[in-house]
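# Descriptive structure summary
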Amino acid sequence: MNVIRAQSGWIEVICGSMFSGKTEELIRRLRRAQIAKQEVQIFKPIIDARYSLDHIASHSDQKLKAQVVRSAKDILEAISAKTQVVGIDEAQFFNLDLVDACQTLADRGLRVIVAGLDQDYRGLPFEPIPQLLAIAEYITKNNAICVVCGNPASRSQRIIADEERVVVGAQDAYEARCRVCFDPELNDKNTKTKKDKKTRPLRSSQARPS
Ligand SMILES: [Zn+2]
């Protein structure tokens, strides 16, 4: 006897540091779904202006057309009835409402694939990714390669001085670093130096851990 089950949705999270290939992996999965003739919708937050306004784009210049949204609520409102797969890039720019939105879509039977930074420049968990990891069915954690020593890199080292949690559209502001070479206080030191002396911040080559 054949049992016909209601179509079940699920959540996939692709996380990791900067330069770890998160968007590349997201694009790969979404392309596979498109090749299988599944209905795909892709979203990105309005804050991420790098490369291309209405595309998600990896550092290796792969692109897919995306809808730009201001909030997780906008994603729910923009979903069309025939959509089967939803891709969301740069999840760290959304607030915790994204968690509920992903749950709602997965509960409706959609496959939801979310990519984002799991740690901020201090190496601290970067919401909403930790919350999404807890409820996801599938998790992929990518590493980059540490630019200092060549080991697998799980941290995003900010190498310019800035007090914002994310410096938008400034790829040169970050380096992938491993646990040993990562200095969570480097940014604060640089910011302080900038304020105190109004000099240029330390570059990474001057600020390597001893
Ligand atoms: Zn290292």
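Residues numbered from 1 in each chain as written. Predicted model: local features only at pLDDT ≥ 70, side-chain atom pairs only at ≥ 80, totals over all residues.

Moving on to the overall build of the protein chain. Per the secondary structure count, the protein chain includes five helices and twelve strands. A burial count over the protein chain gives 39% of its 210 residues as buried. In the protein chain, 73% of the contacts between residues at least 6 apart in sequence involve partners at least 24 apart. (Helix = DSSP H or I, 4+ residues; strand = E, 2+ residues; numbered from the N terminus. Buried ≥ 20, exposed ≤ 12 C-beta atoms within 10 Å, placed from the backbone. Contact = placed C-beta atoms within 7 Å.)

It is worth spelling out helix α3 (residues 97–107) at this point. Structurally, the α-helix is built with 3.6 residues per turn, so residues lying three or four positions apart point the same way. Among all positions in α3, only Leu98, Val99, Ala101, Cys102, Leu105 and Ala106 are buried. Buried residues of α3 fall within an arc of 165° about the axis and therefore sit on the same side. (Arc of directions from axis to C-beta.)

Counting 47 residues, the largest nonpolar core has Cys102, Val112, Val114 and Leu132 as the members making the most contacts within it. With six residues, α3 is the single largest residue contributor to this core. Once residues lying within four places of it in the same chain are set aside, the contact partners of Leu132 are Ile11, Val13, Ala91, Val99, Cys102 and Val114. (Core = buried A, V, L, I, M, F, W, Y, C linked by C-beta atoms within 7 Å.)

Strand order in this open sheet of six strands is β5-β2-β6-β7-β1-β8, and the pairing throughout is parallel. Unpaired on one side and paired on the other, β5 (67–69) and β8 (138–142) mark the two borders of the sheet. Averaged over neighbouring strand pairs, the angle between their axes works out to 20° when direction is ignored. With three bridges connecting them, strand β2 (residues 40–45) and β5 associate as parallel partners. Considered in β5, the bridge of Phe43 is made with Gln67. Sheet strands touched by helix α1 (residues 22–35): β1 (10–16), β2, β6 (85–88), β7 (111–117) and β8. Its angle to β7, the strand with the most contacts, is close to 165°. (Pairing = 2+ DSSP bridges. Axes fitted to C-alpha atoms, helices over the stretch in contact; angles between N-to-C directions.)

Moving on, we get to the confidence of the model for the protein chain. With 81% of its residues at a pLDDT of 70 or more, the protein chain shows a mean pLDDT of 86. Here residues 198–210 is a poorly scored stretch, pLDDT under 50, and it has 17 contacts once near neighbours within four places are set aside; other chains count. (pLDDT = per-residue confidence, 0-100.)

So, on to unusual backbone geometry. For the bond from Glu127 to Pro128, the omega torsion is 10°, close enough to zero to count as cis. Its location among the elements puts Pro128 in the loop between β7 and α4 (129–135). With a phi close to 65°, Phe19 is a non-glycine residue in the positive phi region. With respect to the helices, strands and loops of the structure, Phe19 is situated in the loop between β1 and α1. Of note, the phi angle at Glu90 is positive, near 55°, even though the residue is not glycine. Here Glu90 lies in the loop between β6 and α3.

Taking 1.5 Å of rise per residue, the 14 residues of α1 would be expected to cover 20 Å, and the 20 Å separating its terminal C-alpha atoms lies within 8% of that figure. Inspection of α1 places Lys22, Thr23, Leu26, Ile27 and Leu30 among the buried residues, and these make up the whole buried set. With its buried residues spanning 125° around the axis, α1 presents them on a single face. Opposite the packed face of α1, turned more than 90 degrees from it, sit the exposed residues Arg32 and Ile35. Taken from the residues just after α1, Lys37 is the one with a positive phi, measuring 65°. (Expected span 1.5 Å × (residues − 1).)

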